[in-house]
Amino acid sequence: MTPKPASSSILAYLVAGAYFMEMLDGTVVVSALPQMAASFGVPPIDLNIGISAYLLTLAVLIPASGWVADKYGPRAVFGWAIVIFTLASILCGLSSNLLVFTAARILQGVGGALMVPVGRLIVLRNTQKQDLMRAIATITWPGLAAPVLGPPIGGFLATYASWHWIFFLNVPLGILGFILTLKLIPAGRPDGTKPFDWRGFVLIGVACFGLMYGLDLISRQDASLPLAAISLGVSAIVTFAAVLHAKRAEHPLVDPWALRIRSFSITIWGGSMFRVAIGAVPFLAPLMFQLAFGLDAYQAGLLVLWVFAGNITMKPFTTPVLRRFSFRQVLLGNGFLNALLIACFALLTPATPFVVICAVLFASGLTRSMQFTALNTIAFAEVPESRMSGANTLFNAAHQMSAGLGVGVGAVVLRLAELWFPGANGSLPLIDFKIAFGVIGLIAFIAILDMIGLDAKAGNELRIKRAGAK
């Protein structure tokens, strides 16, 4: 039986649930890294390859998500993506070594690459402009909540049960999501008329792989700097070739047309740097609290939970603030505060009063939530309906790539700091984390420079509340 079309708000909640499952799985392993490393017999920081492989697969395959959805229909693609993601989660929980774990994470990335982008496209196509702020805010929130909920959940399970169970959390969520997909999303009509851009797909895949592999090489203890330099150089060259191809191809896999719109382009350039910065924090903070402060995994996860408290507290105020102030004012002012608070992590020590640590984490969560939502909302404010699919694909690809870079950049900076200030017996001293957070804070500061040129009136049509709307 064909399901009745659901309202845009219900669809937004369904996609938000899928997004939560994907993002939770991407961060829940952070607090369990030392236990997983001991189980696999590798150094803790080497486990970042499992996180990076997952995020890299997302970045490589997301560009194909729009074409696959048009070819086979959004409901079929969304449903099968949930199935693949859930089965891969089970395989992750059953992994016995780093190689098997990484392979299972790659399979998870295949499901995730199709799950959230296709779901977001379904919402965008079924939401009026005046309702877009609320719908995007609904989809955005899990992306903020999951990265900070992941560490305490993972830490609790790793401390009091076994790290294997953190992946089995996805099973009930996946089953529920699949059932709701069949009930709420109409089958739609597949459109397979547009040819697949194989050249663009290969170029983008090679560029992404080269970048992430190069960063991973630098982050390892047995780093091969010449090989890393070659990998990064090849990535830069292929990226340039991919951009030229996208501009010349009749049906590019990733359509760069939306970059002509300033309100969209800032979410790609400055927005990506912002996501790199906030993506590194959930990776670095739990490690610092465990390895430099001497806390166990669960205690470290509970501390990071204060960032989540900030996210929750800000959520009811996000829409009123965006209606009261222009997007430009919010992105510049709040972006500055966010960068400053990330840099403040470098000032924390084991002697810092507990209440001060919690206050910094909480305030960071407040600004992180506001900036994330503002960027995600204004991204599609001025994109015409005919270009929505291409803009959505480009946005999701940049989003996932920058998230993957957050973990990679955090690991690289930490590794370079370790070379300058090595700890005893391979440990990571506090100074290494201070340097890492200082660099990440600088990246967040640079991100807001791209937003200075944003028109003060950009996104005003989203800020005007409809008459009679609640």
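Note: the structure precedes this text.
Chemist: What am I meant to see in helix H6 (residues 98–125) here?
Modeler: Helical geometry note: an α-helix holds 3.6 residues per turn, so side chains three or four residues apart project in the same direction. The terminal C-alpha atoms of H6, which comprises 28 residues, lie 40 Å apart, in line with the 40 Å expected from a rise of 1.5 Å per residue. Here H6 starts with a cap whose side-chain oxygen sits 3.1 Å from the backbone nitrogen of Leu 99, and that cap is Asn 97.

Chemist: So what exactly am I meant to see when it comes to the pattern of salt bridges here?
Modeler: Opposite charge on two side chains permits them to pair, given that their charged atoms come into close proximity. The final tally for this structure, using the stated rule, is three salt bridges. Between Asp 255 and Arg 387 there is a salt bridge, with the nearest N and O atoms lying 3.1 Å from each other. Of the two residues, Asp 255 is situated in the loop between helix H11 (225–248) and helix H12 (262–292) and Arg 387 in the loop between helix H15 (354–378) and helix H16 (388–420); the sequence distance between them amounts to 132 residues. The partner of Glu 418 in a salt bridge is Arg 415, and the shortest N-O contact between them spans 2.3 Å. With Glu 418 and Arg 415 both in helix H16 and three residues apart, the pair spans about one turn of that helix. For the pair Glu 418 and Arg 415, a shared accessibility class is recorded, and that class is buried.

Chemist: Before we go on, may I ask you to explain the nonpolar core in this structure?
Modeler: Proteins that are soluble and globular tend to have nonpolar side chains buried together. Counting 145 residues, the largest nonpolar core has Met 36, Phe 264, Phe 289 and Phe 380 as the members making the most contacts within it. Sort the elements by how many residues they give to this core and H12 lands first, with 15 residues. Not counting the four nearest positions on each side in its chain, Phe 264 is found in contact with Ala 258, Leu 259, Ala 379, Phe 380, Val 383, Ala 391, Leu 394 and Phe 395.

Chemist: Please clarify how the state of the cysteines should be interpreted in this entry.
Modeler: Defined simply, a disulfide is a covalent bond joining two cysteines at their sulfur atoms. Scanning all chains against the criterion turns up zero disulfides. We note that Cys 344 lacks a disulfide partner, and the nearest cysteine sulfur, in Cys 358, lies 15 Å from it. By relative accessible area, which is 23% here, Cys 344 ends up partly exposed.

Chemist: So what exactly am I meant to see when it comes to the environment of Ala 397 here?
Modeler: Take Ala 397: it is sitting in helix H16. Judged by relative accessible area, Ala 397 falls into the buried class, the value being 13%. Between the C-alpha atoms of Ala 397 and Tyr 213, which are 184 residues apart in sequence, the distance is 17 Å. For Ala 397, the residues in contact, after removing those within four places along its chain, are Ile 62 and Pro 63.

Chemist: Is there a simple way to think about the packing of helix H4 (residues 65–72) against H6 in this case?
Modeler: When two helices pack together, their arrangement is captured by the angle between the axes and the distance separating the axes. It is at 9 Å that the axes of H4 and H6 come closest, and there the two elements cross at 70°. One way to sum up the angle between H4 and H6 is to call them roughly perpendicular. Considering the relative orientation of H4 and H6, their crossing is right-handed. Contacts between H4 and H6 involve Ser 65, Val 68, Ala 69 and Asp 70 from the former and Ala 113, Leu 114, Pro 117, Val 118 and Arg 125 from the latter. Residues that form the contact of H4 with H6 fall into these classes: six nonpolar, one polar and two charged.

Scoring rules and cut-offs
- Residues numbered from 1 in each chain as written.
- Predicted model: local features only at pLDDT ≥ 70, side-chain atom pairs only at ≥ 80, totals over all residues.
- Heavy atoms only, no water.
- Helix = DSSP H or I, 4+ residues; strand = E, 2+ residues; numbered from the N terminus.
- Expected span 1.5 Å × (residues − 1).
- Polar contact = N/O pair within 3.5 Å; in protein donor to acceptor, adjacent residues only side chain to side chain.
- Salt bridge = Lys/Arg side-chain N within 4 Å of Asp/Glu carboxyl O.
- Buried < 20%, exposed > 50% of the residue type's maximum accessible area, 1.4 Å probe, protein only.
- Core = buried A, V, L, I, M, F, W, Y, C linked by side-chain atoms within 4.5 Å.
- Contact = heavy atoms within 4.5 Å.
- Disulfide = S-S within 2.5 Å.
- Axes fitted to C-alpha atoms, helices over the stretch in contact; angles between N-to-C directions.
- Parallel < 35°, antiparallel > 145°, perpendicular 65-115°, else oblique.
- Left-handed = near helix turned anticlockwise from the far one by under 90°.
- Nonpolar A, V, L, I, M, F, W, Y, C, P; charged D, E, K, R; others polar.

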